[in-house]
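Summary of the model geometry
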Amino acid sequence: PATTEIYTLSLQRRSSDLAAEHFHKNASLDTTDKIKALREWLQTHHQIDLVASTNSTIRYYDADKRQLNISAQTPFATQAFQITHQIALLEYDELLEATLDFARFGTVEARAICKIGLANYFAGAAMLPYNTFLKAAQDCRHDLEMLALKFSASIEQVAHRLSTMQRVGSKGIPFFFVRVDQAGTITKRHSATQLQFARFGGRSEEHTSELQSHLNL
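Since we're looking at a predicted model, the values are computed, not measured.

On a plain count of helices and strands, the protein chain comes out with 9 helices and 7 strands. By residue count, 41% of the 217 residues in the protein chain fall in the buried class. Pairs at least 24 apart in sequence give 49% of the contacts found in the protein chain among residues at least 6 apart. Accessible surface, the protein chain: about 12900 Å² in total, of which carbon and sulfur atoms supply 53%.

Quick look at the structure:
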């Protein structure tokens, strides 16, 4: 049963990837000005105005005013990501909810947190579509700066996307993504492979040694 659930979740994840690729094509996101393309998509398909906000709130959607506010204080790559996140919630809610149903969360709060993660995954997949991104990564030998420039994305977005490239039949290199602050605390981590991260605490010597051994450092 556990193996069946994992396989089903894998299929659901691929469905999200394919849906994101479809959206990438339809919204003409193969451009350096993703903000303009996304603005036009929101106006045409949802009658929603995109507003560059001056406050520090990264993203706020006002359903009554049909207005999506995005902080102008953030980089363009972050703005594009947040807009696409909102589009995932608007257009692909049924897909996200179906994926959540398979997970069988015990609390509403856990389900809500995971839904944010799924919308983030969709946004990353839409900005960096699987097949196109995988080929570009292989062509430039996984140069993060070149990939960020090519896809008008941030280094972190590119690095995180590389850690998800494990589609059956078209796998990339099994990268492990870890973001560490100056104090050595892990603030973000992701692995689509078998590397297991500690559930609690920050970086330990044992964990660091394990990570280095996996990365052949």
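The next point concerns unusual backbone geometry. Backbone geometry follows two general trends: most residues other than glycine have a negative phi, and most peptide bonds adopt the trans configuration. The backbone of arginine 104 sits at a positive phi, close to 55°, despite the residue not being glycine. Looking at the element boundaries, arginine 104 is found in the loop between helix H4 (93–103) and helix H5 (108–127). Note on arginine 104: relative accessible area 66%, which makes it exposed. In this structure, histidine 142 takes a positive phi of about 60° despite not being glycine.

Attention now moves to the pairing of strand S6 (residues 176–180). The two faces of a sheet get side chains in turn, since along a regular strand they alternate between them. Relative to strand S7 (residues 186–191), S6 runs antiparallel, the two being bridged by 5 bridges. The partner of valine 180 across the bridge, within S7, is isoleucine 186. Joining the antiparallel neighbours S6 and S7 is a turn of 5 residues, in which glycine 184 adopts a positive phi near 90°.

All right, on to the packing of helix H3 (residues 76–91) against H5 then. One can describe the packing of H3 onto H5 by two numbers: an axis separation of 8 Å at closest approach and a directional angle of 120°. On the basis of their axis angle, the class for H3 and H5 is oblique. Remark: the crossing between H3 and H5 carries right-handed chirality. On H5, the residues touching Ala77, Ala80, Phe81, Thr84, His85, Ala88 and Leu89 of H3 are Lys115, Ile116, Ala119, Asn120, Phe122, Ala123, Gly124, Ala126 and Met127. A per-class count over the contact of H3 with H5 returns 11 nonpolar, 4 polar and 1 charged.

Position of glutamine 82 among the secondary structure elements: in helix H3. Separated by 2.8 Å, the side chains of glutamine 82 and arginine 59 make a polar contact. With residues up to four places along the chain from it excluded, the contact list for glutamine 82 reads Ile58, Arg59 and Ile70.

On to the pairing of strand S3 (residues 67–71), then. The element S3 is extensively covered by neighbouring structure, given that 4 of its 5 residues are classed as buried. The pairing of strand S1 (residues 49–53) with S3 spans 5 bridges and is parallel. Across the sheet, residue aspartate 49 finds its bridge partner in S3, namely glutamine 67. Of the strand pairs in this sheet, strand S2 (residues 59–62) and S3 are connected by 4 bridges, and their pairing is antiparallel. Counterpart to arginine 59 in the pairing with S3 is isoleucine 70. Counting the residues that bridge the hairpin from S2 to S3 gives 4 residues, and of these arginine 66 lies at a positive phi of roughly 55°.

Let us now look at the packing of H4 against H5. One way to put it is that H4 packs onto H5 with a least axis distance of 10 Å and a crossing angle of 130°. Regarding the angle of H4 to H5, the classification is oblique. Judged by the sense of rotation from one axis to the other, the crossing of H4 with H5 is right-handed. From H4, Asp93, Leu96, Glu97, Thr99, Leu100 and Asp101 reach across to H5, where they touch Arg111, Cys114, Lys115, Leu118 and Ala119. When the residues that make up the contact of H4 with H5 are grouped by side-chain class, the tally is 5 nonpolar, 1 polar and 5 charged.

Conventions adopted
Residues numbered from 1 in each chain as written. Predicted model: local features only at pLDDT ≥ 70, side-chain atom pairs only at ≥ 80, totals over all residues. Heavy atoms only, no water. Helix = DSSP H or I, 4+ residues; strand = E, 2+ residues; numbered from the N terminus. Buried < 20%, exposed > 50% of the residue type's maximum accessible area, 1.4 Å probe, protein only. Contact = heavy atoms within 4.5 Å. Areas by Shrake-Rupley, 256 points an atom, 1.4 Å probe, with all protein chains shown as cover. Pairing = 2+ DSSP bridges. Axes fitted to C-alpha atoms, helices over the stretch in contact; angles between N-to-C directions. Parallel < 35°, antiparallel > 145°, perpendicular 65-115°, else oblique. Left-handed = near helix turned anticlockwise from the far one by under 90°. Nonpolar A, V, L, I, M, F, W, Y, C, P; charged D, E, K, R; others polar. Polar contact = N/O pair within 3.5 Å; in protein donor to acceptor, adjacent residues only side chain to side chain.

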